[in-house]
Amino acid sequence: MSAHVFEVLSRARNEIEVCHTAEGHRFKFFVLTNAHGKRILSESVEVIAKEGATHTPEFYSGSARAFAITVAHRSHVID
């Protein structure tokens, strides 16, 4: 299993929450509309760190964002 495997915890029109399966860190991304009218993930993220995890949530934040973007695109949550 890859060290950067995530699962979707929730998905809505205005947010998507993913979890790192091995470490348990949770990342919630919010959907915004940019100046061009496109729905995008905001730069800010709400993180819930899992106590006792081997790595910090920051270690996985880039992979979490990439996964969330892929899921959001496939679900038509973002443009």
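The shown structure was predicted, so the numbers you read here are calculated from the model rather than taken from an experiment.

## Thoughts on the packing of aromatic side chains
Here is step 1 of the chain: The final tally for this structure, using the stated rule, is 3 aromatic pairs.
Here is step 2 of the chain: Aromatic side chains Phe6 and Phe27 sit 6.3 Å apart centroid to centroid with 70° between the ring planes, which places their arrangement in the edge-to-face category. With a gap of 21 residues between them, Phe6 in strand S1 (residues 6-11) and Phe27 in strand S3 (residues 26-33) connect regions that are remote in the sequence.
Here is step 3 of the chain: Look at Phe6 and you get buried, because its relative accessible area is 9%.
Here is step 4 of the chain: With relative accessibility at 1%, the residue Phe27 sits in the buried group.

## Examining the sheet that holds strand S2 (residues 15-20)
Here is step 1 of the chain: In space, the 4 strands of this open sheet follow the order S1-S2-S3-S4, with antiparallel pairing throughout. With one partner strand each, in any of the chains shown, S1 and strand S4 (39-48) form the two edges of the open sheet. Averaged over neighbouring strand pairs, the angle between their axes works out to 25° when direction is ignored.
Here is step 2 of the chain: Pairing between S3 and S4: 7 bridges, direction antiparallel.

## Description of the environment of Ser75
Here is step 1 of the chain: For Ser75, the location among the structural elements is in the segment after helix H1 (57-74).
Here is step 2 of the chain: When the C-alpha atoms of Ser75 and Arg11 are compared, they prove to be 8.6 Å apart, with 64 residues separating the residues in sequence.

About the criteria used
Just so you know, the residues in each chain are numbered from 1, in the order the chain's sequence is written. Confidence filtering applies because this is a predicted model: local features only for residues at pLDDT of at least 70, side-chain atom pairs given and counted only at 80 or more, and all residues used for totals across whole chains, interfaces and linings. Remark: hydrogens and water are excluded; side-chain values derive from all non-hydrogen atoms of the structure. A pair of aromatic rings is counted whenever rings of Phe, Tyr or Trp (Trp by its six-membered ring) have centres within 6.5 Å, and the orientation is called stacked for planes under 30 degrees apart, edge-to-face for over 60 and tilted otherwise. Here a helix means four or more residues in a row that DSSP labels H or I, a strand means two or more in a row labelled E, and each is numbered from the N terminus. Partly exposed describes any residue whose relative accessible area lies between the buried limit of under 20% and the exposed limit of over 50%, with all areas from a 1.4 Å probe on protein chains only and scaled to the type maximum. Any two strands are treated as partners once DSSP identifies two or more bridges connecting them. Between N-to-C directions, angles cover 0 to 180 degrees, with each direction set by a line fitted to C-alpha atoms, over the stretch in contact for helices.

Shape descriptors only; they carry no functional weight alone.
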